[in-house]
Amino acid sequence: MKSTKYFVFAAFVLLLLAAAGCSSTTEIDEDNLDEAYATSEEELGEDKGIYIDEENNTVKVYATVNGKYLVEPTRHGLNWIGGKYGDQAVFKGYANPLSFYEALETIGGEPATAKGENSEDGFKETDEGKVIQGDPVDVSITWEGAGKDYDINEVMVDSTGKEIAYRYGGNYDNAKEMMTGCFMCFDSCPVGITSNASHPVDTFEDGEAEFHGDADVLPEDGTPVVLSYTFAK
Amino acid sequence: MNRMISFGVHFLAALFFFYVIGLSLSLLLIQNKWLDMRFDSEFLVLIMLAAGAWCYFAVLFMNAKSFLYWRRPVFLKGVLPISAAIILIITITNKTFFVMPAYVTRKGLMIESVLSLTGMNMVLAAVVVIGVLALLGAQKRPLSFAKGAPMEWQAFSKFSRYGMTAFFIVTALLLFIYLGQGEIQASANRAAAVLMEADVEAFRDYLLSFGPLAALVSGLLMVFQSVIAPLPAFVITFANGLLFGWVWGAVLSWSSAMVGASICYFIAKFFGRPVVEKLISKRALLWWDGFFEKYGKHSIFITRLVPIVSFDLVSYAAGVTAISFRHFFWATGLGQLPATLLYSYLGETASGSVKILFFVFTVVIAIAVLGSLLGPKLMGMKKAKAK
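Rules used throughout
Residues numbered from 1 in each chain as written. Chains lettered and ligands numbered in written order. Predicted model: local features only at pLDDT ≥ 70, side-chain atom pairs only at ≥ 80, totals over all residues. Helix = DSSP H or I, 4+ residues; strand = E, 2+ residues; numbered from the N terminus. Buried ≥ 20, exposed ≤ 12 C-beta atoms within 10 Å, placed from the backbone. Contact = placed C-beta atoms within 7 Å. Axes fitted to C-alpha atoms, helices over the stretch in contact; angles between N-to-C directions. Parallel < 35°, antiparallel > 145°, perpendicular 65-115°, else oblique. Nonpolar A, V, L, I, M, F, W, Y, C, P; charged D, E, K, R; others polar. Pairing = 2+ DSSP bridges. Expected span 1.5 Å × (residues − 1). pLDDT = per-residue confidence, 0-100. Core = buried A, V, L, I, M, F, W, Y, C linked by C-beta atoms within 7 Å.

Some remarks on the overall build of chain A
- Helices and strands together make up the secondary structure of chain A, namely four helices and 15 strands.
- Looking at the 233 residues of chain A, the share that counts as buried comes to 48%.
- In chain A, once contacts between residues fewer than 6 apart in sequence are set aside, the share between residues at least 24 apart is 64%.

Here's the deal with the overall build of chain B
- On a plain count of helices and strands, chain B comes out with 18 helices and zero strands.
- For chain B, the proportion of its 387 residues judged to be buried stands at 39%.
- Contacts spanning at least 24 positions in sequence make up 76% of the contacts within chain B whose residues lie at least 6 apart.

Topic: the packing of helix α5 (residues 100-108) of chain B against helix α6 (residues 117-140) of chain B
Residues and elements named next belong to chain B.
- Where α5 contacts α6, the two axes come as close as 9 Å, and the packing angle between them is 95 degrees. Between α5 and α6, the angle is such that the two are roughly perpendicular. Here Pro101, Ala102, Tyr103, Thr105 and Arg106 of α5 lie close against α6, whose contacting residues are Leu117, Met120, Asn121 and Leu124.
- Grouping the amino acids of the contact of α5 with α6 by side-chain chemistry returns six nonpolar, two polar and one charged.

Thoughts on the pairing of strand β15 (residues 224-231) of chain A
Residue and element names in this part refer to chain A.
- Across seven bridges, the pairing between strand β3 (residues 58-65) and β15 is antiparallel. Looking across to β15, one finds that Ala63 is bridged to Val225.
- Where strand β8 (residues 137-143) meets β15, seven bridges bridge the pair, whose relative direction is antiparallel. For Ile141, the partnering residue across the bridge sits in β15 and is Leu227.

Some thoughts on the packing of helix α1 (residues 2-30) of chain B against α5(B)
All names here are of chain B.
- Look at α1 against α5: their axes get within 10 Å of each other, and the N-to-C directions meet at 105 degrees. The angle between α1 and α5 falls in the class roughly perpendicular. Packed against α1, whose contacting residues are Leu23, Ser26 and Leu27, the element α5 presents Met100, Pro101, Val104, Thr105 and Gly108 at the interface.
- Residue classes in the contact of α1 with α5 are distributed as five nonpolar, three polar and no charged.

Some words on the environment of Glu105(A)
- Within the secondary structure, Glu105(A) is located in helix α2 (residues 97-106).
- Separated by 46 residues in sequence, Glu105(A) and Val59(A) have C-alpha atoms that sit 9.9 Å apart.

Considering helix α3 (residues 44-62) of chain B
- With 19 residues, α3(B) extends 26 Å between its outermost C-alpha atoms, agreeing within 8% with the 27 Å of an ideal straight helix rising 1.5 Å per residue.
- One or two residues past the end of α3(B) sits Asn63(B), with phi positive at roughly 55 degrees.

Considering the confidence of the model for chain B
Residue and element names in this part refer to chain B.
- Across chain B, the average pLDDT comes to 81, with 83% of residues at 70 or higher.
- At the low end of the mean pLDDT range in chain B sits helix α18 (residues 353-386), at 51; at the high end sits α5, at 95.
- For this predicted complex, the interface score ipTM comes out at 0.84, alongside a pTM of 0.69.

Some thoughts on the environment of Met110(B)
Residue and element names in this part refer to chain B.
- Along the chain, Met110 turns up in the loop between α5 and α6.
- For Met110, a count of 17 C-beta atoms within 10 Å translates into the label partly exposed.
- Residues Met110 and Glu42, spaced 68 residues apart in sequence, show a C-alpha to C-alpha distance of 9.6 Å.

Quick notes on unusual backbone geometry
Residue and element names in this part refer to chain A.
- Positive phi outside glycine occurs at Asn57, with the angle close to 50 degrees.
- For Asn57, the position within the fold is in the loop between β2 (50-53) and β3.
- Unlike most non-glycine residues, Met179 shows phi in positive territory, near 50 degrees.
- Structurally, the position occupied by Met179 is in the loop between α4 (172-178) and β12 (182-185).
- Among the residues examined, Met179 registers 25 C-beta atoms within 10 Å and is labelled buried.

Here's the deal with the nonpolar core
- Ranked by internal contacts, the top residues of the largest apolar core, which has 56 residues, are Ile50(A), Val61(A), Leu78(A), Phe100(A), Leu104(A) and Leu227(A).
- Setting aside residues up to four positions removed in sequence, Phe100(A) forms contacts with Ile50(A), Val61(A), Ala95(A), Phe183(A) and Ile193(A).
- If you look at the next biggest cluster of nonpolar residues, it comprises 49 residues, including Ala191(B), Leu207(B), Phe244(B) and Val320(B).

So, the pairing of strand β5 (residues 89-93) of chain A
Residues and elements named next belong to chain A.
- Counting buried residues in β5 gives five out of five residues, a clear majority hidden from the surface.
- Pairing geometry for β3 and β5, over three bridges, is antiparallel. Bridge pairing in β5 links Ala63 to Gly93.

Observations concerning the confidence of the model for chain A
- Averaged over all residues, the pLDDT of chain A is 87; the fraction at 70 or higher stands at 88%.
- When the criterion is pLDDT under 50, residues 1-24 of chain A qualifies, and its contacts beyond four places in sequence or with other chains add up to 37 contacts.

Some thoughts on the environment of Ser218(B)
- By the secondary structure assignment, Ser218(B) is in helix α10 (residues 214-227).
- Along the primary structure Ser218(B) and Leu252(B) are separated by 34 residues, whereas in three dimensions their C-alpha atoms are 8.2 Å apart.

The structure is reproduced here in structure tokens:
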């Protein structure tokens, strides 16, 4: 049809592209998951968001602080910015969750749900509800000027006062299908690569608990941080 | 000079007025945790600023005085103070005064990588001062309207005016949903990418990913492509045939194309001839006038039979002629039936040859139509040469 209609369409496409540049999901190239890996800790950044320190059996993840969730509640601890919910977490990650899954596996972690397995089997039924299994993960965080490595419980606030206990849930297939971008969830989650075994599935959704980053400890919005993941075996 | 200052003052007043409302609504939506985990309400700021610009330009170029909200007492003394109060109450009680307004504005305007929260707060302080001054200035100096504007707002019928306003509101809402909801945005991007590649198999896979909602999604896409985007509709018809079988595929494609055509028809009725001229070109509309004059009420049926005549052009053009909706509906329904059945059948028997068959079919039809149009002229030229 006529140029005006093409113009409207072109404007719409441009808008889509502009929006895509800001917040849309990005495709993950599964054949090249290691492209997200830095070769040294110094190389960690937005382009290379994960460093596997095989010597110390540690995975380091580059992220930035999301100021909104230092003051508003969320269910997401760390999300990949290319995911559907990339802006809904305390920390914005720049590497995709599938690369994160592989990295944790590389340092010897055993997920609750491995690739090709049914995510339903990755949970344990308790009186409180379904709780995520998998190897327990120690998570710590630091940033320029922090002066030390903080345990994740020192920088996050759980309204119930429970300590966060991260587990390697795995959920590779769900993460790939749902593309939510979840690295680290505040309650047990069938999509997050790691999630919190202290709270069963849907704790946040049911209003049982609220979570946010601690504004008194964490640096201001946009500050780069590095999170370290090791298995407490 | 004085006039230019008036234009500037009113522009800033309009933007500020709508920005305050957008920010307050956005903060209210964020208070709902369920929604906040699924939706980026911050983009309401952008949408409201666009609404402010739309109202301003409607006033300036179309003398649409009713859109001068930033001068109307009920909005100025009611809506604006209430919005400001909502912002203050939420941010002060949540202790987020120095975080959320700056965060929401920055994200809503997609400038997160440009400004820190501190930088944004400084900009906001300036915005508030300039905005309040602009609002006060706008009360004192009326916006001098252009005389004899090319598209006088009052010259449109009431029907058209409501139509244009509703169209803007619906477009703004759709854009807000697209920008704010990650899953919808991802789906829309995927659909656009697949459709633009005209890849039937990829489109079928895309539809399949919606499970039981595949038919609904396919129908909505057909309507969408009819109304706004010049995307290849035959891909959708093929894919429907491939996915649902040729009978149900044809039913789905036919009915969704009918909905799309009806929407185009009523958009044209709402907007009237000047807007349709801009939408499908004056030339195309003149061509349609000539065609309509020659073939009368059979025009719709004939053009629907010939696949090289744009489906959307006819739907829009029919809306500005005397053709009743009833006649338009039945002529479109019957006229598009053969092509729909053929594409659906080709879709069901899809293989690599589907596209080839389609193009052969289109080329044959096109040659036949061009032949019938140019034939007499060529014959006339031959005869003249022979003489």
